[in-house]
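Each chain is listed here by its residues.
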Amino acid sequence: MVSIALEVVCSLLAWLSLYAACCRWHRHRSREWSCRLVTLLHGVAVTCLSGYVALLDGPWPLTHAGSPNTPLQIHVLALTLGYFIFDLGWCLYFQTEGDLMLLHHTLSICGMIMVLGLGKSATEVNAVVFVSEITNPLLQARWFLREMGRYHTLLGEVVDFFFVLLFLVLRIAGGALIMYAMLASPQPSWLLKAGGLAMYLVSLGFLVEICHFVRRKMLKKFPSWTSLRSKNAPVKTNGHLTAH
């Protein structure tokens, strides 16, 4: 347990050092720019690592919920836990996030500490990390595109589309499967099951926000679509269609 705690501390120091380096390299940018660079790097790295553990290294989270932690699972969760501690501290200090995101970070930290302390259930928690973090790089890409004035382009549309698609397919549908496997298995502790259910409710809260975002986006696009359609429609003259 001491070695795991040391690994988490080293992870925290590494993310803090990376943030400090980003602030130094990007003096002309805001602190949030540097923090989001760290978040982007964490999202890419942890998505690859947790995806490898869940899909290739095993064990399979839908059939082995509550199984003993493997060394690789421990390393991935320690790396992720260090980041979440850093990011929660940053969000509280700069007060940039709402209650839902702060709750998400708090539940994530508590869940990973519990799993690392118990020595089991990293299988399903690692899978939750994968389906949660896979949309993070796209979320950061949206922010950077907006900051650079390139959000309202085709690239911004593509990023938005894949963000919503991956969120629905993996975080909501995939998360529901993981949640069912966790609740159905007798191995995970009841406290971890309650925490997992709370995390899924947080995801549903994010889903509501995304639905509002999609609705606003569609309402903004609708007038331009109808205008384009009316321009392309054939025009009638004295009851006859005019040739283009």
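The notes below deal with the structure included here. (Residues numbered from 1 in each chain as written. Predicted model: local features only at pLDDT ≥ 70, side-chain atom pairs only at ≥ 80, totals over all residues. Heavy atoms only, no water.)

### Quick notes on unusual backbone geometry
Here is step 1: Cis geometry is found at the peptide bond from G58 to P59, where omega equals 0 degrees.
Here is step 2: Positive phi values are uncommon outside glycine, yet Q95 reaches one of about 50 degrees.
Here is step 3: Located in the positive-phi region is S121, a residue other than glycine, with phi close to 75 degrees.
Here is step 4: Looking at where S121 falls in the secondary structure, it is placed in the loop between α4 (99-118) and α5 (122-133). (Helix = DSSP H or I, 4+ residues; strand = E, 2+ residues; numbered from the N terminus.)

### Focus: the layout of surface pockets
Here is step 1: Counted as a void, the largest pocket has a volume near 910 Å³.
Here is step 2: Take the lining of the largest pocket: its biggest share by element is six residues, from helix α6 (residues 136-147).
Here is step 3: For the lining of the largest pocket, the class distribution of residues is 14 nonpolar, nine polar and eleven charged.
Here is step 4: What the second largest pocket holds in volume is close to 410 Å³.
Here is step 5: Forming the walls of the second largest pocket are 26 residues, and the residues nearest its centre are V125, V128, G195, G196 and M199.
Here is step 6: Of all the secondary-structure elements, those providing two or more residues to the lining of the second largest pocket are α4, α5, α7 (154-184) and α8 (190-232).
Here is step 7: Split into classes, the residues belonging to the lining of the second largest pocket amount to 16 nonpolar, eight polar and two charged. (1 Å grid on protein atoms, 1.4 Å probe; cavity = no way out; pocket = protein on both sides within 12 Å on 5 of 7 lines; lining within 4 Å. Points joined across faces, edges and corners; volume = space filled by probe spheres on them. Nonpolar A, V, L, I, M, F, W, Y, C, P; charged D, E, K, R; others polar.)

### Section: the packing of helix α1 (residues 2-25) against helix α2 (residues 31-57)
Here is step 1: α2 packs onto α1 with a crossing angle of 135 degrees between their chain directions and a minimal axis gap of 9 Å. In terms of axis orientation, α1 runs oblique to α2. As for the relative orientation of α1 and α2, their crossing is right-handed in sense. Of the residues in α2, those in contact with W15, L18, Y19, C22 and C23 of α1 are R31, S34, C35, L37, V38, L41 and H42. (Axes fitted to C-alpha atoms, helices over the stretch in contact; angles between N-to-C directions. Parallel < 35°, antiparallel > 145°, perpendicular 65-115°, else oblique. Left-handed = near helix turned anticlockwise from the far one by under 90°. Contact = heavy atoms within 4.5 Å.)

### Some details on the packing of α2 against α5
Here is step 1: At a minimum axis distance of 8 Å, the contact between α2 and α5 shows a crossing angle of 135 degrees. Looking at the two axes, α2 sits oblique to α5. The interaxial crossing formed by α2 with α5 has left-handed handedness. Along the contact surface, α2 presents H42, G43, V46, T47, S50, G51, V53, A54 and L55, while α5 presents N126, A127, V129, F130 and E133.

### Notes on the nonpolar core
Here is step 1: Residues Y19, V38, L77, F86 and L116 are the most contacted members of the largest nonpolar core, which totals 29 residues.
Here is step 2: Elements with a contribution of two residues or more to this core: α1, α2, α3 (71-94), α4 and α5.
Here is step 3: Top contributing element to this core by residue count: α3, with ten residues.
Here is step 4: Not counting the four nearest positions on each side in its chain, L77 is found in contact with M112, V115, L116, A122, V125, N126 and V129.
Here is step 5: The next biggest cluster of nonpolar side chains, apart from the first, holds 16 residues, and it includes Y151, M179, L207 and F213. (Core = buried A, V, L, I, M, F, W, Y, C linked by side-chain atoms within 4.5 Å. Buried < 20%, exposed > 50% of the residue type's maximum accessible area, 1.4 Å probe, protein only.)

### A look at the pattern of salt bridges
Here is step 1: In the structure shown here, the tally under the stated rule is four salt bridges.
Here is step 2: Residue D160 is joined to R142 by a salt bridge in which the shortest nitrogen-to-oxygen separation is 2.5 Å. Of this pair, D160 sits in helix α7 while R142 sits in helix α6, and the two are 18 residues apart along the sequence. Residues D160 and R142 agree in their burial class; the two are buried.
Here is step 3: Measuring nitrogen to oxygen at the nearest pair gives 3.7 Å for the salt bridge that ties E157 to K217. With a gap of 60 residues between them, E157 in helix α7 and K217 in helix α8 connect regions that are remote in the sequence.
Here is step 4: When salt bridges that share partners are traced, they join R142, E157, D160 and K217 into one network. (Salt bridge = Lys/Arg side-chain N within 4 Å of Asp/Glu carboxyl O.)

### Structural notes on the environment of S189
Here is step 1: By secondary structure assignment, the location of S189 is in the loop between α7 and α8.
Here is step 2: Each C-alpha atom, one on S189 and one on I85, is 23 Å from the other, the two residues being 104 residues apart in sequence.

### Brief notes about a nonpolar patch on the surface
Here is step 1: The grouping of L154, V158, F161, F162, L165, L168 and V169 at the surface amounts to a nonpolar patch, some 650 Å² of accessible area in total.
Here is step 2: Checked against the element boundaries, F162 lands in helix α7.
Here is step 3: By relative accessible area, which is 39% here, F162 ends up partly exposed. (Patch = residues over 30% accessible without salt bridge, like charges linked within 9 Å, V, L, I, M, F, W, Y side chains within 5 Å. Areas by Shrake-Rupley, 256 points an atom, 1.4 Å probe, with all protein chains shown as cover.)

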